[in-house]
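# Summary of structural features
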Amino acid sequence: MPTLDFRTAIRDALDEELARDERVVLFGEDVASVQGGVFAATPGLQERHGSERVFDTPISELAITGAAYGAAVNGLRPVIEIMFGDFLFLAMDSLVNQSAKFFYLSGGRGSVPLVVRSAVGAGGRFGAIHSQSPIGWFHNVPGIKVAAPSSPSEAKALLKAAIRDDNPVLFLEHKRLYGVKEEVDGDVPDVPLGRARVAREGADVTLVSVMKGVGDCLQAAEALAADGISAEVLDLRTLRPMDTDAILASLAKTHRLAVVEEGPANGGWGGEVLAVAAEHGLHDVDDVWRLATPEHPIPYSPPLEDAFLPGVEAIVASVRSRLGAASH
């Protein structure tokens, strides 16, 4: 069976959408270079689609997003790359005060079909200002969708859905997933934004995550199975909109739910998952909790960075501790 790696999935999705719709354009820092950006996700696209549709920009996040906003409201469907998610703060005005609000301010007469691709996540020894997952910065902004794929096939399907969406979409690519490979059988099926997937069925506890956290949860579920603990793994896929029905359906089955979030608990998206459980599924709750990162910047030291992240061992230990006598 053929395999697909994550960075190739990103490139293929862009290639197919550029070929499908002449309104799609791609630009950002080094995306048109021979290598295809610092993470080599976009090589060959300029050669295939031309320098008017795939091109490099100066190093200015605000200029990139401002140009994309203007292009989107004038009929194009831009996909831009902000090389590191940490620098999305430099583009906040164009994204939060313009792109996210234009549909509302125009009385529904205009839309902003804009995709912002950005590499996020720790564990790669990039240091405190190149390793963050800035989901919390955008999670409470109406008008922006947030996609966070966990595998190559999910990345391809979700990116194509994001490009076809008429709303601004923040598309987050975890740096430690670019080299991940997956066997695929034929074409990758379409995936709508806002719909979670059950990555593994289980009966005793639900593990909820996105991006690299989903793979960590799947590995943890394998280890827990040796203890007789059946863990269900729920991949949210998108964090805005969030598939609350999927969360509540899994909770109704397992009655226990743990959120695994790469980011601080204070203000994180994991708190929203727990709020959904408390507000709408409290009658099904035996226990809910979250694993997140400590409340300090991400360390550069390899052993400190590894200890900082809620990895497989931490997930297994937490579930074993919380289930206690309920484990087999």
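As a reminder, the structure under discussion sits directly above these lines.
Keep in mind it's a predicted model, so treat the numbers as computed, not measured.

Between the first and last C-alpha of helix α7 (residues 152-164) there are 19 Å, a value that for 13 residues agrees with the 18 Å anticipated at 1.5 Å per step. Among the 13 residues of α7, 12 are classified as buried, and the element is accordingly described as predominantly covered.

The five strands are arranged β9-β11-β10-β13-β14 in an open sheet whose pairing can be described as mixed. Strand pairing shows two members of the sheet lacking a second neighbour, β9 (197-200) and β14 (287-293), which therefore form its edges. Strand-to-strand twist of the sheet, defined as the mean angle between neighbouring strand axes without regard to direction, takes the value 25°. Strand direction decides the pairing type here: strand β13 (residues 256-264) and β14, joined by six bridges, are parallel. Along β14, the bridge assignment pairs L257 with V288.

Counting buried residues along strand β5 (residues 115-120), six of its six residues qualify, which places the element largely inside the surrounding structure. Pairing of strand β4 (residues 77-84) with β5 involves five bridges; the strand directions are parallel. When the sheet's bridge partners are listed, E81 is paired in β5 with R117. In this sheet, strand β7 (residues 169-174) lies alongside β5 in parallel orientation, the contact comprising six bridges. Paired with V116 across the strands is L170, a residue of β7.

The subject of this paragraph is the sheet that holds β7. Taking strand neighbours across the sheet as the criterion, the seven strands line up as β3-β2-β4-β5-β7-β6-β12 in an open arrangement whose pairing is mixed. Each edge of the open sheet carries a strand with a single partner, namely β3 (54-56) and β12 (238-240). Taking each pair of neighbouring strands and ignoring which way they run, the sheet shows an average axis angle of 20°. Bridge analysis of strand β2 (residues 24-28) against β4 gives five bridges, and the strand direction is parallel. Paired with L26 across the two strands is V79, which belongs to β4.

The rules we used
- Residues numbered from 1 in each chain as written.
- Predicted model: local features only at pLDDT ≥ 70, side-chain atom pairs only at ≥ 80, totals over all residues.
- Heavy atoms only, no water.
- Helix = DSSP H or I, 4+ residues; strand = E, 2+ residues; numbered from the N terminus.
- Expected span 1.5 Å × (residues − 1).
- Buried < 20%, exposed > 50% of the residue type's maximum accessible area, 1.4 Å probe, protein only.
- Pairing = 2+ DSSP bridges.
- Axes fitted to C-alpha atoms, helices over the stretch in contact; angles between N-to-C directions.

Any functional reading would require information that these geometric values do not contain.
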